[in-house]
Amino acid sequence: MLARSVPDARDIGDAPVARGVRLSLGGSIYDPADPMSKMFFNMLAVFAEFEAGLLKMRTREGMAVARSRGRLKGRRPKPTARQQAELVRIHATGEYTIAELMEVFSIGRATVYRVLGRAPGRSEGQREGRAVS
């Protein structure tokens, strides 16, 4: 697909033509000064935009059907609920650093902080990484 909208296709087609490059579409040379060439190029762009719109519509419909059947729930978190609880418990002991928790649970730094931030019983200051006195 060359472009997703008619204006986008015109920009893509007109930029090289302005530099003196000639476009060949389907064996024909695209000349922006020729009304037939311009119409043909615009029709191709209209069909491309239509196809992109159909694809978006079908995707939204498929997601709505999956959601109504309870099958669209998003990506499951890598650490299970039990692992998350264990991570929070171990972190609370103060014996492990964030890097060590990353290694033990085979997860990234952002995931460790996300799990710790969602832990129940943490104040707003702790969630943002500030010390609370």
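Residues numbered from 1 in each chain as written. Predicted model: local features only at pLDDT ≥ 70, side-chain atom pairs only at ≥ 80, totals over all residues. Heavy atoms only, no water.

Chemist: What exactly am I supposed to notice about the environment of Leu-87 here?
Modeler: As for its position among the elements, Leu-87 is in helix 3 (residues 81-93). Residues Leu-87 and Leu-116, 29 residues apart in the sequence, show an inter-C-alpha distance of 7.9 Å. Discounting chain neighbours no more than four positions away, the residues touching Leu-87 are Leu-101, Phe-105, Ile-107, Val-112, Val-115 and Leu-116. (Helix = DSSP H or I, 4+ residues; strand = E, 2+ residues; numbered from the N terminus. Contact = heavy atoms within 4.5 Å.)

Chemist: Would you take a moment to explain the environment of Pro-16 for this structure?
Modeler: By secondary structure assignment, the location of Pro-16 is in helix 1 (residues 6-18). Its relative accessible area of 15% is what places Pro-16 among the buried residues. If near-sequence neighbours (up to four positions away) are discounted, Pro-16 is found in contact with Val-21 and Leu-23. (Buried < 20%, exposed > 50% of the residue type's maximum accessible area, 1.4 Å probe, protein only.)

Chemist: What exactly am I supposed to notice about unusual backbone geometry here?
Modeler: Most peptide bonds adopt trans geometry, and most residues besides glycine take a negative phi value. Phi at Ser-106 takes a positive value of approximately 55 degrees, unusual for a residue other than glycine. Note that Ser-106 resides in the loop between helix 4 (98-105) and helix 5 (109-118). Judged by relative accessible area, Ser-106 falls into the partly exposed class, the value being 48%.

Chemist: Any chance you could explain the packing of helix 3 against helix 5 here in plain terms?
Modeler: Two quantities define a packed helix pair, namely the angle between the helix axes and the distance between the axes. Their axes nearest at 10 Å, the elements helix 3 and helix 5 cross at an angle of 85 degrees. Here helix 3 is positioned roughly perpendicular relative to helix 5, judged by the angle of their axes. Residues Gln-84, Leu-87, Val-88 and His-91 of helix 3 form the contact with helix 5, whose participating residues are Val-112, Val-115 and Leu-116. Taken together, the residues that form the contact of helix 3 with helix 5 break down as 5 nonpolar, 2 polar and no charged. (Axes fitted to C-alpha atoms, helices over the stretch in contact; angles between N-to-C directions. Parallel < 35°, antiparallel > 145°, perpendicular 65-115°, else oblique. Nonpolar A, V, L, I, M, F, W, Y, C, P; charged D, E, K, R; others polar.)

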